[in-house]
Amino acid sequence: MIAVIDYNVGNLKSVTNALKRIGLSPIVTRDHEIIRQADGIILPGVGTFFIAMENLKKYDLIDILNERKEAGVPILGICLGMQILFEYGSEVKVTKGLGFLKGKVDKMKVNAKIPHMGWNELLFNQNHPILKYINEKDYVYFVHSFMANGIDEELVAYCEYGEKKVTAIVSHHNVIGCQFHPEKSGEVGKKILLAFKEMVECC
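## Digging into the overall build of the protein
Item 1. Check the secondary structure of the protein and you find six helices and 14 strands.
Item 2. For a compact globule of 203 residues, the expected C-alpha radius of gyration is about 17 Å, and the protein comes in at 15 Å, within 12% of that figure.
Item 3. Each of the three principal axes of the protein carries a C-alpha extent, and together these read 45 × 40 × 30 Å.
Item 4. Burial status across the protein gives 55% buried among its 203 residues.

## Structural notes on the packing of aromatic side chains
Item 1. This structure, assessed with the given rule, holds two aromatic pairs.
Item 2. Ring centres of F142 and F180 lie 5.6 Å apart, and the angle between their planes is 65 degrees; on these two criteria the pair is classed as edge-to-face. A residue pair is termed long-range when its members are at least 10 positions apart, and F142 in strand β10 (residues 139-144) and F180 in the loop between β14 (175-178) and α6 (186-202) qualify at 38 residues. Comparing F142 with F180 shows no difference in burial state: the two are buried.
Item 3. Above the plane of the ring of Y158 lies K165, whose end atom (NZ or CZ) is 4.8 Å from the centre.

## A closer look at the sheet that holds strand β1 (residues 2-5)
Item 1. Strand order in the open sheet made by the eight strands is β2-β1-β3-β4-β14-β13-β12-β9, with mixed pairing throughout. Strand pairing shows two members of the sheet lacking a second neighbour, β2 (26-29) and β9 (123-124), which therefore form its edges.
Item 2. Alignment of strand β12 (residues 155-161) against strand β13 (residues 164-172), held across six bridges, turns out to be antiparallel. Each bridged residue has a counterpart across the sheet, and for C159 the counterpart in β13 is V166.

## Details of the nonpolar core
Item 1. I42, L122, I130, I169, F180 and I192 are the most contacted members of the largest nonpolar core, which totals 38 residues.
Item 2. Contributing elements (two or more residues each) for this core: β1, α1 (12-21), β4 (75-78), β10, β12, β13, β14 and α6.
Item 3. Per element, the largest residue contribution to this core is seven residues, and it comes from α6.
Item 4. Here I130 is in contact with V156, I169, I176, I192, A195, F196 and M199, once residues within four sequence places are set aside.
Item 5. Judged by nonpolar contacts, the second largest core, of 35 residues, contains V9, I41, I75 and Y158.

## Topic: the side chain of D138
Item 1. With respect to the helices and strands, the residue D138 is situated in the loop between β9 and β10.
Item 2. Put simply, D138 is tucked away with no salt bridge, and the nearest opposite charge, on K191, sits 5.9 Å away.

## What to know about the pairing of β2
Item 1. The pairing of β1 with β2 spans four bridges and is parallel. The partner of A3 across the bridge, within β2, is I27.
Item 2. With α1 bridging β1 and its parallel neighbour β2, the resulting β-α-β unit is right-handed.

## Quick notes on unusual backbone geometry
Only a minority of non-glycine residues have a phi that is not negative, and only a minority of peptide bonds are not trans.
Item 1. Each neighbour pair has its own omega, and for I114 with P115 the value is 10 degrees, a cis peptide bond.
Item 2. The topology assignment puts P115 in the loop between β7 (101-107) and β8 (116-121).
Item 3. The backbone phi angle of K137 is positive, close to 80 degrees, even though this residue is not glycine.
Item 4. Relative to the helices and strands, K137 is located in the loop between β9 and β10.

## Observations regarding the pattern of salt bridges
For side chains of opposite charge, pairing can occur when their charged atoms come near one another.
Item 1. If you walk through the whole model with that rule in mind, you get eight salt bridges.
Item 2. K69 is the salt-bridge partner of E70, the closest N and O atoms lying 2.6 Å from each other.
Item 3. Taking the shortest distance from any N to any O, the salt bridge between K132 and E198 comes out at 2.8 Å. Of the two residues, K132 sits in the loop between β9 and β10 while E198 sits in helix α6, which places them 66 residues apart along the sequence.
Item 4. Residues participating in the shared-partner salt-bridge network are E33, R36, E67 and R68.

## Points about the environment of D31
Item 1. Positionally, D31 belongs in the loop between β2 and α2 (32-37).
Item 2. Overall, the relative accessible area of 37% leaves D31 in the partly exposed class.
Item 3. Linking D31 and V46, residues 15 residues apart in sequence, is a C-alpha distance of 21 Å.
Item 4. At 3.0 Å, the side chain of D31 and the backbone nitrogen of I34 are in polar contact.

Criteria and thresholds
- Residues numbered from 1 in each chain as written.
- Predicted model: local features only at pLDDT ≥ 70, side-chain atom pairs only at ≥ 80, totals over all residues.
- Heavy atoms only, no water.
- Helix = DSSP H or I, 4+ residues; strand = E, 2+ residues; numbered from the N terminus.
- Rg over C-alpha atoms; globule rule 2.2 N^0.38 Å.
- Buried < 20%, exposed > 50% of the residue type's maximum accessible area, 1.4 Å probe, protein only.
- Phe/Tyr/Trp six-rings, centres within 6.5 Å; stacked < 30°, edge-to-face > 60°.
- Lys NZ or Arg CZ within 6 Å of the ring centre and 35° of its normal.
- Pairing = 2+ DSSP bridges.
- Core = buried A, V, L, I, M, F, W, Y, C linked by side-chain atoms within 4.5 Å.
- Contact = heavy atoms within 4.5 Å.
- Lys, Arg positive; Asp, Glu negative; His and termini not counted.
- Salt bridge = Lys/Arg side-chain N within 4 Å of Asp/Glu carboxyl O.
- Right-handed = clockwise from strand over helix to strand, strands pointing away.
- Polar contact = N/O pair within 3.5 Å; in protein donor to acceptor, adjacent residues only side chain to side chain.

Structural measurements only, silent on function.
Rendered as structure tokens:
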């Protein structure tokens, strides 16, 4: 069972539908016991870093997410859900994130239109199981104005936008983040979710 965390900032329907299409059983929840029983956790998200963290506090979800992370449960953050995996975000005001990944999320400084919206090709920085079924230069769908910076060994893949490398996939142990929306990225996104499914099943 996959717990899709409901903290009032997620594109929950499209994520759960995408998971069902690959044979997973998602439950949209903020219930601690259901989250504790989950084989994998997904943090979706559309909105602002500050509001996301305020809602995680409001629904008392930070400690349970830390607990499951430390237990080795695979966690996938999508878009805003990826951004809050980092130490800090500067949207609205500097806000402490979950700190599962090193780095900070700031407004994009690129010589191109913001928000970054549309299809971009993925460029691989390292091998990783999440890339198992896709190829370098496959296209995925982005919608965002903020990006993660200060990434080093945790950078799995990036895209080029406005002559800048934009963080696209990050990972540290059992924690993975996708800045783009795999649930809106067609067959490539489906393959990424299939790879995550295998990671969940292997744990």
